[in-house]
Structures are given as structure tokens and as C-alpha cells.
Amino acid sequence: MSEVQKKKYSEKEKTNIFDNEFMPHIDSMYNFGYRLTFDEDDAKDLVQDTYLKAYRFINSFEQGTNAKAWLFRILKNSFINEYRKKSKQPAKVDYQEVETYYNSESVDHSITSDLRVDAVKDMIGDEISNALNSLAVDFRTVIILCDLEGFTYEEMAKILDIPIGTVRSRLHRARNLLKDKLRSYAQDMGYDTDNED
């Protein structure tokens, strides 16, 4: 494996690359981060961390290549690293706060809210977002990258750091899982699903 050629950019070149090649993708980066985290603040933190790393390691970026794919890979790696770090930490609960809340007279016990559903309800249809959110993160990620962000298989392979054959098979499996989850919704909407498969 060859070592990545690092080009030494001047401060003016760094600013130009950052403003003209990286910043136009900030909305796509936020959308991807939001769909991974289901939390606005976490998505913003993830995007901020991504752009900080992008600027810090800008000399590793080859000007004229696919900046969006490069940024998505940084974001995906940051998400995975943060997910691993959080998964090793025990869950923290303030039992005093929970007890106080449930012992208060103002609590409505009939209301339980699924925050993941609330977070994406305005982005795409409820049934579709629920089905997408219920997929494992590997499957959800390929659907987002391909079908929502429009990346090619080659770009996805680079972003996810997996072989292109794995991208294709994972995307196929993810679409089939999504199709199965949405079958009854499609029937309710009047689509004939008997001839599918």
C-alpha cells in the first residue's frame, strides 16, 4: 500500500479548499450525521468534529478529488469511534430525577414517546423513516449514502472502507429488509405487492 502523498498547502490555499470544496457539502454532512445519530445536537457535534479534522488534515486531501466522499469518510469514522467509546461506558441515569418526575402529579402515564420517531417525522414519511431507523446501522448507512445522498458504489466503498462487492450485497440486503418492513404500508396505500420479489 502506497503512502498518501501529502501536499503542503499555503494558508490561502487551505482557506480556498475549505471554503470552496468542503463547505458546500455541510448540509449533506448534517443530514448524514442526523440519520446516524437521530439527534440534532449530536449531528451538529459530529459535523463540527468532521470539519475540524478536515481542516487539520487538509494536507492529506488531494485537491480536485471527491471532497464530499472524503468528508463523508471522516464523518463515518468519527461516528464509529464515538459509538465505540459510548458503548464501552455504562449508561448514566439520574434516579433522583426519574423518581421525582414519576412521583409528581403532573405526569401523564399514558404518554410514551419514541424520540427517534419524533426526530425524523418531518423529514420523510413516518412509516418510511420508522422502517429506515429500525435497520441496523450498516444497512441504514448504505441506504442513506446511495438512495438519499446519491453516492456511487465506488464512492461508498471508499467512504465505508469496504470492498465494492460488500457494498452491493449490503445495499441489496438493506433494500430487501426495507421492502419487507414497508410491504403492509404499501398494501394500505393501494399498491399490489403480491407480484413483488
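With an unreviewed UniProt entry as reference, the protein is termed Sigma-70 family RNA polymerase sigma factor, source organism Litoribacter ruber. Word for word, the UniProt comment on the protein under Sequence similarities (unreviewed entry) is "Belongs to the sigma-70 factor family. ECF subfamily."

Draft legend 1. How the structure looks around helix α2 (residues 26–37). Helix length check: α2 (12 residues) gives 16 Å between terminal C-alpha atoms against 16 Å at 1.5 Å per residue, within 8%. Those residues of α2 lying buried are S28, M29, F32, G33, Y34, R35, L36 and T37. Just beyond α2, the residue with positive phi is F38, at close to 60 degrees.

Draft legend 2. Molecular detail of unusual backbone geometry. Despite not being glycine, F38 has its phi angle at roughly 60 degrees, a positive value. Relative to the helices and strands, F38 is located in the loop between α2 and α3 (40–56). You will see that D161, though not glycine, has its phi angle at about 60 degrees, which is positive.

Draft legend 3. Summary view of a negative patch on the surface. Among the surface-exposed residues, D39, E40, D41 and D45 lie close enough to one another that they form a single negatively charged patch. Tracing the sequence through the fold places D41 in helix α3.

Draft legend 4. Region of the structure containing the nonpolar core. Among the nonpolar cores identified, the biggest contains 40 residues, and F22 and L145 are the most heavily contacted of them. Those elements that place two or more of their residues in this core are α1 (11–22), α2, α3, α4 (67–87), α7 (126–134), α8 (137–148), α9 (153–160) and α10 (164–188). Of the domains in this structure, domain 1 (11–86) and domain 2 (96–188) are the two that each give at least three residues to this core. Not counting the four nearest positions on each side in its chain, L145 is found in contact with F32, F72, G150, F151, M156, I159 and L160.

Draft legend 5. How the structure looks around the pattern of salt bridges. Across all of its chains, the model carries six salt bridges by this definition. A salt bridge links E149 to K68; the nearest nitrogen and oxygen atoms lie 3.7 Å apart. Taken together, the positions of E149 in the loop between α8 and α9 and K68 in helix α4 put the pair 81 residues apart, joining distant regions of the chain. The residues E149 and K68 share a single accessibility class, namely buried. Note that D161 and R73 form a salt bridge whose closest N and O atoms lie 3.1 Å from each other. Here R73 lies in helix α4 and D161 lies in the loop between α9 and α10, a separation of 88 residues in the sequence. D161 sits in the exposed class, given a relative accessible area of 55%. We classify R73 as partly exposed; its relative accessible area is 29%.

Draft legend 6. Representation of the environment of A131. You can see A131 is positioned in helix α7. With 50 residues separating them in the primary sequence, A131 and K181 have C-alpha atoms 6.0 Å apart.

Cut-offs applied
- Residues numbered from 1 in each chain as written.
- Predicted model: local features only at pLDDT ≥ 70, side-chain atom pairs only at ≥ 80, totals over all residues.
- Heavy atoms only, no water.
- UniProt positions renumbered as here; feature names shortened; annotations may be inferred.
- Helix = DSSP H or I, 4+ residues; strand = E, 2+ residues; numbered from the N terminus.
- Expected span 1.5 Å × (residues − 1).
- Buried < 20%, exposed > 50% of the residue type's maximum accessible area, 1.4 Å probe, protein only.
- Patch = residues over 30% accessible without salt bridge, like charges linked within 9 Å, V, L, I, M, F, W, Y side chains within 5 Å.
- Areas by Shrake-Rupley, 256 points an atom, 1.4 Å probe, with all protein chains shown as cover.
- Salt bridge = Lys/Arg side-chain N within 4 Å of Asp/Glu carboxyl O.
- Lys, Arg positive; Asp, Glu negative; His and termini not counted.
- Charge placed at Lys NZ, Arg CZ, Asp CG, Glu CD.
- Core = buried A, V, L, I, M, F, W, Y, C linked by side-chain atoms within 4.5 Å.
- Domains from an automatic or database assignment.
- Contact = heavy atoms within 4.5 Å.

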